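Spelled out from the first residue to the last, the chains are:
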Amino acid sequence: LNPCECIVNEGELLFVPRGWWHLAINLEESIAVTQNYVSKVGLPHVLQYFRTKSTDCVSGVALDQRSTLGRRFETAVSKEHPEIMAELASRHEEKA
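Note that this is a predicted model, so its numbers are computed, not measured.

### Side note on the pattern of salt bridges
With the rule as written, the count across this model stands at three salt bridges. Salt-bridge contacts for Lys40 lead to Glu87; the nearest nitrogen and oxygen are separated by 3.1 Å. Residue Lys40 is located in the segment before α1 (43-52), and its partner Glu87 is located in helix α3 (residues 82-95); the two are separated by 47 residues in the primary sequence. A salt bridge links Glu74 to Arg51; the shortest N-O distance between them is 2.7 Å. With Glu74 in helix α2 (residues 69-80) and Arg51 in helix α1, the pair connects residues that are 23 residues apart, well separated along the chain. When its relative accessible area of 25% is taken as the criterion, Glu74 is described as partly exposed. A relative accessible area of 51% means that Arg51 is categorised as exposed. A single network of salt bridges, built from pairs that share partners, joins Lys40, Glu87 and Arg91.

Structural data, given as structure tokens:
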């Protein structure tokens, strides 16, 4: 797979899909605002990642907090959106 390269100008937005490794280089002094977004469609993938993969590659989280990141994320989603977690659990049971 060949890398993609682009320049994002002032006021523009770049969406990086789930699982894409990426690198950003500021060409001049800049302020960047980034956000990790987990959609309802992507949530099962994120939960599976936290349950089965190492969090060593997760950036933006203190090293001593990485091992509990998945559990804390799942707890927060369950608290804020219990209906989504119930739907995911129901789908999982149907597949089993």
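Still more ground to cover, so stick around.
### Some details on the environment of Val38
Topologically, Val38 is positioned in the segment before α1. Since its relative accessible area comes to 33%, Val38 is described here as partly exposed. Along the primary structure Val38 and Arg18 are separated by 20 residues, whereas in three dimensions their C-alpha atoms are 8.7 Å apart. Ignoring anything within four residues of it in the chain, the contact list for Val38 reads Leu43, Val46 and Phe73.

### A few points about the environment of Phe15
Considering the arrangement of structural elements, one finds Phe15 in the segment before α1. Each C-alpha atom of the pair Phe15 and Lys79 lies 27 Å from the other, and the pair is 64 residues apart in sequence.

### Considering the packing of aromatic side chains
Tallied over the entire structure, the rule returns two aromatic pairs. Relative to Phe50, the ring of Tyr49 lies with its centre 6.0 Å away and its plane at 65°, an arrangement referred to as edge-to-face. Using a relative accessible area of 30% as the deciding quantity, one classes Tyr49 as partly exposed. Ring centres of Phe50 and Phe73 lie 5.7 Å apart, and the angle between their planes is 50°; on these two criteria the pair is classed as tilted.

### Comments concerning α3
Between its terminal C-alpha atoms α3 stretches 20 Å, which fits the 20 Å expected from 14 residues at 1.5 Å a residue. Residues Ile84, Met85 and Leu88 constitute the buried set of α3. Projected onto a plane normal to the axis of α3, the buried residues spread over an arc of 100° and lie on a single side. Opposite its buried face, α3 presents the exposed residues Glu93 and Glu94, each directed more than 90 degrees away.

Definitions and cut-offs
Each chain carries its own residue numbering, running from 1 in the written order of its sequence. In keeping with the predicted nature of the model, local features appear solely for residues at pLDDT of at least 70, side-chain atom pairs appear and are counted solely at 80 or more, and the whole-chain, interface and lining totals rest on all residues. Note that the side-chain values use all heavy atoms of the structure and ignore hydrogens as well as water. When a carboxyl oxygen of Asp or Glu is within 4 Å of a side-chain nitrogen of Lys or Arg, the pair counts as a salt bridge. Under the DSSP-based scheme used, a helix requires at least four consecutive residues in state H or I and a strand at least two consecutive residues in state E, with every element numbered from the N terminus. Partly exposed residues are those whose accessible area sits between 20% and 50% of the maximum for their type, while under 20% is buried and over 50% is exposed, using a 1.4 Å probe and protein chains only. Should any heavy atoms of two residues lie within 4.5 Å, those residues are counted as being in contact. Working definition: a ring pair exists when centres of Phe, Tyr or Trp rings (six-membered ring for Trp) sit within 6.5 Å. Plane angles under 30 degrees give stacked, over 60 give edge-to-face, the rest tilted. By definition here, a helix of n residues has an expected span of 1.5 Å times n minus one. The arc in question is the one traced by the directions running from the helix axis out to the C-beta atoms.

As far as function goes, none of this settles anything; it's purely spatial.
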